[in-house]
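# Descriptive analysis of the structure
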Amino acid sequence: MALLQISEPGKQPDPHNKKFVVGIDLGTTNSLISVFRNGSVDILKDIDNESKIPSIVNYYKDKITVGKQEKSEDCYSFKSIKRIIGKGKSDIKNIQFFCDSDIGGDDQIIRFNINGDSITPIEISSEILKKLKKIAEYNLGEEVDDCVITVPAYFDDAQRQATKDAAKLANFNVLRLIN
């Protein structure tokens, strides 16, 4: 399969710019990050030699962890957050969730009250992307800024924008969202 050269319209890629652009599969169950180098695609692995990172975010009082389900009374765990990213409260009739509707702002925005803080699905998704960014920088030995993210073909504009917003919170520059 031929690879596509991704660049901004009207701009030619700079052959001297050797910065990496990573590919991200921000999955509902698992996520992964890859890079094209030395003529092939490398799926990057974390420090534990795992390439598939479970899309689970755990909030403790003093830390956030990503990648595995934590079972603790002082931990709020989120999995499958991608199912509600970019959706409003009226869009999720059959999904059970703990939500604090008394936290200000737009009534339609889903907000979770975690240890007194208002957390949105975008912020939760950004934690997964931050973990993937760390994996890339660990493997490549340099800072990674640019990415391409796959999204489901059924994602509407709000879900696509929410994915971009999550990436921005993780300090990624999204070059493209690909169905």
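Since this is a predicted model, take the numbers as computed values, not measurements.

So, how was this worked out
- Residues numbered from 1 in each chain as written.
- Predicted model: local features only at pLDDT ≥ 70, side-chain atom pairs only at ≥ 80, totals over all residues.
- Heavy atoms only, no water.
- Helix = DSSP H or I, 4+ residues; strand = E, 2+ residues; numbered from the N terminus.
- Buried < 20%, exposed > 50% of the residue type's maximum accessible area, 1.4 Å probe, protein only.
- Contact = heavy atoms within 4.5 Å.
- Expected span 1.5 Å × (residues − 1).
- Polar contact = N/O pair within 3.5 Å; in protein donor to acceptor, adjacent residues only side chain to side chain.
- Pairing = 2+ DSSP bridges.
- Axes fitted to C-alpha atoms, helices over the stretch in contact; angles between N-to-C directions.
- 1 Å grid on protein atoms, 1.4 Å probe; cavity = no way out; pocket = protein on both sides within 12 Å on 5 of 7 lines; lining within 4 Å.
- Points joined across faces, edges and corners; volume = space filled by probe spheres on them.
- Phe/Tyr/Trp six-rings, centres within 6.5 Å; stacked < 30°, edge-to-face > 60°.
- Lys NZ or Arg CZ within 6 Å of the ring centre and 35° of its normal.

Along the protein, the regular secondary structure elements total two helices and 11 strands. The order of helices and strands in the protein, counted from the N terminus, is β-β-β-β-β-β-β-β-β-α-β-α-β. Expressed as a percentage of the 179 residues in the protein, the buried residues total 36%. Within the protein, contacts between residues at least 6 apart in sequence are counted, and of these 56% link residues at least 24 apart.

Right, let's talk about helix α2 (residues 157-169) for a bit. With 13 residues, α2 extends 18 Å from end C-alpha to end C-alpha; this agrees with the ideal 18 Å at 1.5 Å per step. In this structure aspartate 156 caps α2, since a side-chain oxygen of it lies 3.1 Å from the backbone nitrogen of alanine 158. The positive-phi residue at the C-terminal boundary of α2 is asparagine 171, with phi of around 65°.

Working definition: the strands of a sheet are paired by backbone hydrogen bonds and lie parallel or antiparallel to each other. Within the open sheet, the three strands sit side by side as β6-β5-β7. Their pairing is antiparallel. At either end of the open sheet lies a strand with only one pairing partner, and these are β6 (64-66) and β7 (76-79). Strand after strand, the sheet turns through a mean of 15° between neighbouring axes, direction not considered. Sitting on the sheet, helix α1 (residues 121-140) touches β5 (56-59), β6 and β7, and the angle it makes with β5 is about 110°.

On to empty space enclosed by the protein. Within this structure, the stated rule accounts for one cavity of 30 Å³ or more. Considered as a void within the structure, the largest cavity measures approximately 90 Å³ in volume. Lining the largest cavity are 15 residues, with Leu26, Gly27, Lys82, Ile85 and Ser125 sitting closest to its centre. Those elements that place two or more of their residues in the lining of the largest cavity are α1 and β10 (146-150).

As enumerated under the stated definition, the model contains three aromatic pairs in all. Each ring, one from tyrosine 154 and one from phenylalanine 155, has its centre 5.7 Å from the other, and the planes form 75°; the classification is edge-to-face. In this structure tyrosine 154 comes out as exposed when scored by relative accessible area, which is 62%. With relative accessibility at 7%, the residue phenylalanine 155 sits in the buried group. Clustering of aromatic rings is evident, with ring pairs tying together Tyr59, Phe78 and Phe112. Over the face of the ring belonging to phenylalanine 172 we find lysine 133, whose NZ or CZ atom lies 4.8 Å from the ring centre.

As a further point, take unusual backbone geometry. Even without a glycine there, the phi angle at asparagine 38 is positive, about 50°. On the basis of relative accessibility, which here comes to 78%, the residue asparagine 38 falls in the exposed class.

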